[in-house]
Amino acid sequence: MKIFLDTIGCRLNQAEIEQMARQFRAAGHEIVAAAEHAELAVVNTCAVTTQAASDSRSKIRSIARAGVEQIVPTGCWTTLQPKEAAALPNVLRVVTNDQKDFLVAKTLNLEPSNFDLEPIERAPIPGLHRRTRAFIKVQDGCDNKCTFCITTVARGEGRSRPLAEVIRDINSALAGDSKEIVLTGVHLGSWGQDFAHHLRDLVKTILRETDVKRLRLSSLEPWDLDADFFQLWQDKRLMPHLHLPLQSGSESTLRRMARKTTPDSFRELIKAARKVVPEIAITTDIITGFPGETEDEFSETLDFVKEIQFTGGHVFSYSPRPGTGAAKMKGQVRHELRKKRNHIIQEAMEESADSYRGKFIGQKMSVLWESITEFGEYGWRMEGWTGNYLRVSAFAPSPRWNEMDDVVLGEAGDGVVKGEIV
Ligand code: SF4
């Protein structure tokens, strides 16, 4: 069968469709690059914002319009709205997050209990979701109850994937010529807590037992880390980049968000990281206009963002999600004010990201090329990432997708550093 895999949202969703691709291929099916060539499609949906939920529905409808007669919606929006998902055109079956591990077996009408296909080499998914870097799911669900978060509702309790399974997936990605492994989960930092281990143990084992060239950690909650954790960066294969969602720089707002961190403890953690890895990239997530956010609280967040000097990140205008505690809170902030505050934080974040990029001009750094565009007489324009998550572009006479090159960094513009391959 020709199968089209689509996803919206986080790296975990991407990791999951990559896993499904491997299983469908191992069962003898073909993964195609576009819906119009497919007999069946799986859509891994998202519910993190109202927009993401709406995009999930539109994707399913457009795949049906492309002529796919069998569609399997799964993921967070589908889990929260299974009836609505089942009512969309050409839906064969709805698979909620708790059943996602059996999606391929169920879709192929195979008995899940004896559906243990030999893991084959990772091959990038063709089309829009083609990635050089292999996103590896190591954990799912979350036991925290941040009041704005619908993910913890849609993904259920925290649970870790066994070490052996993670190592197997990494080796299949490396066998498939992946140059970078990105560990991902809903609450990555909680890996191992269900069997008295810590994420530190997983990282050490991966570095000891695999030939990974570049290992990157995706989003980590600050309260899962301590100063000793940063000793892991003695191994240069661990990419010097931390994504630590702060969400707010105001202690009172963080309390209403039920976040297990404070500006003081967050500041100390950043200091500890920069002490071990001075040039480490620190990116973050900020929510503006959280219910009850006063002008003073917003100023605290702005001042804190400027103080920490983040090297990049995402700024979200608060989006009330039905089923979360915050959606029922008093003091909902007007939409325009949420957007205005979002813009102000973005500007501050862009300023510190710019000055961070500026520190590396003239330096030679290793870049893994992720996207390529033919550029007529100039040859090929590549874009990719350095270890410390600088986005770099360069030209070359031939396409160098999934290749790593040493690049001398030049001027930066619009968030991209122009470089020259040496
Ligand atoms: S830690 Fe908080 S924000 Fe992150 S998934 Fe869990 S509940 Fe959501």
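About the cut-offs
- Residues numbered from 1 in each chain as written.
- Predicted model: local features only at pLDDT ≥ 70, side-chain atom pairs only at ≥ 80, totals over all residues.
- Heavy atoms only, no water.
- Patch = residues over 30% accessible without salt bridge, like charges linked within 9 Å, V, L, I, M, F, W, Y side chains within 5 Å.
- Areas by Shrake-Rupley, 256 points an atom, 1.4 Å probe, with all protein chains shown as cover.
- Salt bridge = Lys/Arg side-chain N within 4 Å of Asp/Glu carboxyl O.
- Lys, Arg positive; Asp, Glu negative; His and termini not counted.
- Charge placed at Lys NZ, Arg CZ, Asp CG, Glu CD.
- Helix = DSSP H or I, 4+ residues; strand = E, 2+ residues; numbered from the N terminus.
- Near = heavy atom within 4 Å.
- Nonpolar A, V, L, I, M, F, W, Y, C, P; charged D, E, K, R; others polar.
- Pairing = 2+ DSSP bridges.
- Axes fitted to C-alpha atoms, helices over the stretch in contact; angles between N-to-C directions.
- Contact = heavy atoms within 4.5 Å.
- Expected span 1.5 Å × (residues − 1).
- Buried < 20%, exposed > 50% of the residue type's maximum accessible area, 1.4 Å probe, protein only.
- Core = buried A, V, L, I, M, F, W, Y, C linked by side-chain atoms within 4.5 Å.
- Parallel < 35°, antiparallel > 145°, perpendicular 65-115°, else oblique.
- Left-handed = near helix turned anticlockwise from the far one by under 90°.
- Domains from an automatic or database assignment.
- Buried area = accessible area lost by both parts, 1.4 Å probe.
- Right-handed = clockwise from strand over helix to strand, strands pointing away.

A. Structural view of a negative patch on the surface. Judged by side-chain charge, Glu-251, Asp-296, Glu-300 and Asp-303 come together as a negatively charged surface patch. The element best represented in the negative patch is helix α11 (residues 295-308), accounting for 3 residues. Among the secondary structure elements, Glu-251 is positioned in helix α9 (residues 251-256).

B. Structural detail: the site of the ligand. Taken together, Cys-142, Asn-144, Cys-146, Phe-148, Cys-149, Thr-152, Val-186, Glu-221, Trp-223 and Arg-259 form the complete shell of residues around the ligand. Along the lines of polarity and charge, the residues of the shell around the ligand split into 6 nonpolar, 2 polar and 2 charged.

C. Quick peek at the sheet that holds strand β5 (residues 134-137). In space, the 3 strands of this open sheet follow the order β5-β8-β9, with parallel pairing throughout. The open sheet terminates on both sides in strands that have one partner only, identified here as β5 and β9 (214-217). Each strand of the sheet is rotated relative to its neighbour by a mean of 25 degrees, with strand direction disregarded. Examined bridge by bridge, strand β8 (residues 180-184) and β9 share 4 bridges and lie parallel to one another. Bridge pairing in β9 places Leu-183 opposite Leu-217. Sitting on the sheet, helix α1 (residues 11-26) touches β5 and β8, and the angle it makes with β5 is about 95 degrees. Packed onto the sheet, helix α7 (residues 163-175) meets β5 and β8 and runs at close to 165 degrees relative to β5.

D. Molecular detail of helix α12 (residues 335-358). With 24 residues, α12 should reach 34 Å at 1.5 Å per residue; the first-to-last C-alpha distance of 35 Å fits that figure. For α12, the complete set of buried residues consists of Leu-337, Arg-338, Arg-341, Asn-342, Ile-345, Ala-348, Met-349, Ser-352, Ala-353, Tyr-356 and Arg-357.

E. Local environment of the sheet that holds strand β2 (residues 30-31). Ordered by their spatial adjacency, 4 strands build an open sheet running β2-β1-β3-β4, and the pairing between neighbours is parallel. Of all strands in the sheet, those bounded by a partner on one side alone are β2 and β4 (70-75). Seen against the sheet, α1 touches β1 (2-7), β2, β3 (40-45) and β4 and runs at an angle of roughly 170 degrees to β1. Strands in contact with helix α2 (residues 50-65) are β1, β3 and β4; relative to β3, the strand with the most contacts, it is inclined by about 170 degrees.

F. Inspection of the nonpolar core at higher detail. Core analysis: the largest hydrophobic core is formed by 49 residues, its most contacted members being Ile-181, Leu-183 and Trp-233. Excluding residues that lie within four positions of it along the chain, Leu-183 makes contacts with Ile-136, Val-138, Ile-170, Leu-188, Leu-202, Val-203, Ile-206, Leu-215, Arg-216, Leu-217 and Ser-218. Grouped together as the second largest cluster of nonpolar side chains are 20 residues, Ala-35, Ala-41, Ala-64 and Val-91 included.

G. Geometry of a nonpolar patch on the surface. A cluster of nonpolar side chains, Phe-375, Tyr-378 and Phe-395, forms an exposed patch at the surface whose accessible area comes to about 330 Å². Within the element layout of this structure, Tyr-378 appears in the loop between β13 (364-374) and β14 (380-386). The exposure class assigned to Tyr-378 is exposed, which follows from its relative accessible area of 55%.

H. Fine view of the packing of α7 against helix α8 (residues 199-209). At a minimum axis distance of 11 Å, the contact between α7 and α8 shows a crossing angle of 40 degrees. Between α7 and α8, the angle falls in the class oblique. Read as a crossing pair, α7 and α8 show a hand that is right-handed. Across the interface between the two elements, Leu-163, Val-166, Ile-167 and Ile-170 of α7 pack against Leu-202, Thr-205 and Ile-206 of α8. Its residues assigned to classes, the contact of α7 with α8 shows 6 nonpolar, 1 polar and no charged.

I. Spotlight on the domain arrangement of the chain. When cut into domains, the chain gives domain 1 (2-114), domain 2 (128-358) and domain 3 (364-421). A straight line from the C-alpha centre of domain 1 to that of domain 2 covers 26 Å. Taken together, the contact pairs 24 residues of domain 1 with 25 residues of domain 2. Taken together, the two surfaces of domain 1 and domain 2 that pack against each other cover about 2000 Å², and 51% of this comes from carbon and sulfur.

J. Seen up close, the pairing of β8. Counted residue by residue, β8 has 5 buried out of 5 residues, so it is predominantly covered. Here β8 shows a buried face lined by Glu-180, Val-182 and Thr-184 and a second buried face lined by Ile-181 and Leu-183. Across 4 bridges, β5 lies against β8 in parallel orientation. Bridge pairing in β8 links Ile-136 to Leu-183. Handedness of the β8-α8-β9 crossover: right-handed.

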